[in-house]
Amino acid sequence: MSRMLSIARAVIADCVRRRVPYVVVLFAGILAAAIPSLPDYGVGVEPEVFREVALALMYVAALVLSLALAANRLPSEFERRTAYSVLSKQVSRWEYLLGTWLGLTAVVAASVAAFTVVVQAVALISYGDFMWVLWVGTLSIALEMGVIVAAAVAVSTVSGPVVVVVASALILFVGHSRSTLVGGAGATDLSLFYPSLDSFNIMLPVAYGGGVSALMVLSMVMVFAGLSGIALLLGVVLLGKRDL
Amino acid sequence: MEQADSAIRVDGARKVYKTVGKSPGRAAVDGISLEVEQGSIHGLLGPNGAGKTTTLKMLIGLVKPTEGIFEILGEDSTSPKGRRHLGFLPEQPYFPQHITAMQALRFYGRLAGVEKQDLDGRAVELLGKVGLDGTERTELSKFSRGMLQRLGIAQAIIGRPKVVVLDEPASGLDPVGQRDIRNLMLELRENGTTVLLSSHQLSEVEAVCDRVSILNAGKVAAEGHIDELLNISGQTSIRVRGLDELPAAVNALAGDVAVSGSVWVFSVEDSAVRSVVDAVDDAGGAVMSLAPKRESLEDYFARLIASARTGVAS
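Report follows, based on the coordinates. Since the structure is predicted, the reported quantities are computational estimates derived from the model, not experimental observations. Position numbers for residues count from 1 along each chain, tracking the sequence in the order it is written. Chains carry letters from A onward and ligands carry numbers from 1 onward, assigned in written order. A pLDDT threshold of at least 70 governs which residues receive local features in this predicted model, and a stricter bar of 80 or more applies before side-chain atom pairs are shown or counted, although totals over entire chains, interfaces and linings include all residues.

Here the focus is helix H5 (residues 175-190) of chain B. Given 3.6 residues per turn, any residue in an α-helix points the same way as the ones three and four places further on. We count a stretch as a helix when DSSP gives it H or I for four or more residues in a row; a strand needs E for two or more, and each element gets its number in order from the N terminus. Given the number of residues in a helix, its expected span is that number minus one, multiplied by 1.5 Å. Counted at 1.5 Å a residue, the expected span for H5(B) with its 16 residues is 22 Å, and the 23 Å between its end C-alpha atoms agrees. Two residues or fewer past H5(B), Gly192(B) is found with a positive phi of approximately 90°.

Okay, the sheet that holds strand E13 (residues 263-269) of chain B next. Strand pairing in a sheet relies on backbone hydrogen bonds. The paired strands run either parallel or antiparallel. Residues and elements named next belong to chain B. At least two DSSP bridges between two strands are required for those strands to pair. The four strands are arranged E12-E13-E11-E14 in an open sheet whose pairing can be described as antiparallel. Two strands lie at the open edges of the sheet, namely strand E12 (255-260) and strand E14 (286-294), each paired on one side alone. If you compare each strand with its neighbour and ignore which way they point, the axes differ by 20° on average. Pairing geometry for strand E11 (residues 231-241) and E14, over seven bridges, is antiparallel. Residue pairing across strands places Val240 opposite Val287, the latter belonging to E14. All axes here are fitted lines through C-alpha atoms, helices being fitted over the stretch that makes contact, and every angle between N-to-C directions spans 0 to 180 degrees.

Time to look at the interface of chain A and chain B. Taken together, the contact between chain A and chain B spans 21 residues of the former and 25 residues of the latter. Looking at the side of chain A that touches chain B, the element that brings in the most residues is helix H1 (residues 2-18) of chain A, giving seven residues. In terms of residue class, the side of chain A that touches chain B is made up of seven nonpolar, six polar and eight charged. Once C-beta atoms are placed from the backbone, any two residues with those atoms within 7 Å are in contact. Only Asp, Glu, Lys and Arg are considered charged, only Ala, Val, Leu, Ile, Met, Phe, Trp, Tyr, Cys and Pro nonpolar, and every remaining residue, Gly among them, polar.

Between the first and last C-alpha of H1(A) there are 24 Å, a value that for 17 residues agrees with the 24 Å anticipated at 1.5 Å per step. As a rule, residues whose C-beta atom has 12 or fewer other C-beta atoms within 10 Å are exposed, those with 20 or more are buried, and those in between are partly exposed; C-beta atoms are placed from the backbone. Within H1(A), the full set of buried residues consists of Arg3(A), Met4(A), Ser6(A), Ile7(A), Ala8(A), Ala10(A), Val11(A), Asp14(A) and Cys15(A). Along its buried surface, H1(A) packs onto helix H2 (20-34), helix H3 (46-70), helix H5 (82-87) and helix H6 (93-127) of chain A together with helix H2 (101-111) of chain B. At the exit of H1(A) stands Arg19(A), carrying a positive phi of roughly 65°.

Residue and element names in this part refer to chain B. The strand order across the open sheet built from four strands is E2-E1-E4-E5, with neighbouring strands paired in antiparallel fashion. The sheet is open, and its two borders are formed by strand E2 (26-37) and strand E5 (75-76), each paired with just one other strand. Inspection of the sheet shows strand E1 (residues 6-17) paired to strand E4 (residues 67-72) by five bridges, in the antiparallel sense. Following the sheet pairing, Arg9 is matched in E4 by Glu71. Packing against the sheet, helix H1 (residues 52-59) makes contact with E1, E2 and E4, and its axis sits at approximately 115° to E1.

Let us now look at the nonpolar core. Across soluble globular proteins, nonpolar side chains show a tendency to be buried alongside one another. By convention in this section, buried Ala, Val, Leu, Ile, Met, Phe, Trp, Tyr and Cys residues joined through C-beta atoms within 7 Å make up a nonpolar core. Val149(A), Ala152(A) and Val165(B) are the most contacted members of the largest nonpolar core, which has 140 residues in total. Ranked by the residues each element gives to this core, the list is headed by helix H7 (residues 134-156) of chain A, at 15 residues. In this view, Ala152(A) contacts Ser66(A), Leu67(A), Ala70(A), Ala71(A), Val164(A) and Ser168(A); residues no more than four positions away in its chain are not counted. Among the nonpolar cores identified, the runner-up in size contains 10 residues, and Ile238(B), Val240(B), Val250(B) and Val268(B) belong to it.

Looking now at unusual backbone geometry. Even without being a glycine, Arg81(A) presents a positive backbone phi close to 65°. Among the secondary structure elements, Arg81(A) is positioned in the loop between helix H4 (73-79) and H5. Even without glycine at this site, Leu73(B) takes up a positive phi of about 50°. Relative to the helices and strands, Leu73(B) is located in the loop between E4 and E5. You can call Leu73(B) partly exposed: it has 18 C-beta atoms within 10 Å.

Right, dumping it as structure tokens:
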């Protein structure tokens, strides 16, 4: 466990020094600050529109950040042989993979949290409201990105960054297309087994409703744990079979 | 050699890389066996593609062997637990660029099991030992190739391993750096550490290794003590000085004659040594040294590889 955490810490330190999170958060923050200047969608709903656009920006920024950090992390470590000095010690390949995922997910989650703070500041100035409900969106986005990072890390054990980005986009598309792709009822109802990311769809309740229930939060956490676990398990198997 | 004395044991190592189609695949390593005594320095030599790096990678679990047993101090080294006494320097080591030397060594030290309270002290000590004093706070992006190599050696030994595997440790180092690494290897051996050294630098191998294994085309082409491999049986190398030219009696017996100033080096049959020494003495020369004639490792290596290529036994 301590070795896994050491690897996660090293990944966090490296990501922070690459300044990618700063750039993404800064860019997204500037955009968030510009939201109040958008044309009004209707009198009395500006804060709701603000929340919706802010969450959408947060989502896109988090996705870009996740893929930017995860797509080339392992391929470059294998290519530059930095992984050799780690894996030649008493470190299992699963510890290496999980440590990498943990570090990347922590960086993405921290960036989303920083983005939320910026959005809250803008909301306070523009609408006199802290909009604490945004943190539910933050949690949802961070968890969904955890799944995407896990999938990206798993795919990257055997392929390069381009394939990782394409595969991640495909997983995202499939994950949010259950209602379109799986229909039917009774014997043909496969929706229970579908790797759906729909649990993370909290845009409307956060932007326009009163937030989400504890059950929805629990559902998000369970989907995060289940799908991340499956992706990481696949990654461990693939990495375990691979020659470095 | 008793198995209990083996720090490293490789038995029947084989690695076949699959090829496209129905062909049986290409064997990069084909039945290599090695035993390295505890507290010794063992050299691994061979041309490019001989299977050195693949063998090392199988030993430390980076490449999955097709067949074979790999042990370090009696434990399966392909499992993480079996590597707890191992330090490894990969060929041309690379590190995350945006961390400092101190941070890098702290990281590798934690992975190697160094106690938290000892990490900083050990890191500073090792930076000094490998000639990187004062670089604690320097980002690795500012390190030269040679400095990265030195840092690679430091991370390999930070956990005070009992077995160290070095893949081309002198690569990228200037002559002073190469000498430092040689001294470091000798110091490790003095402290009881076993070193497996893969190198193209034959002079380095000759200077420090107790035994060598020469690999070619995925197999062990020769293995033994340096002296056993290089000494030419029945021949003595003689170095004399003070002569403008060799006496006729010596000239008739001497082979491989080389001269520099008034110093002559040549070889003769063991049985002719006494008469040659007398002839040199009579001519007013002085014998500086007598030693068993030894082939240079370069010549031996080239001859071995050439004979393997032509299918002629050496």
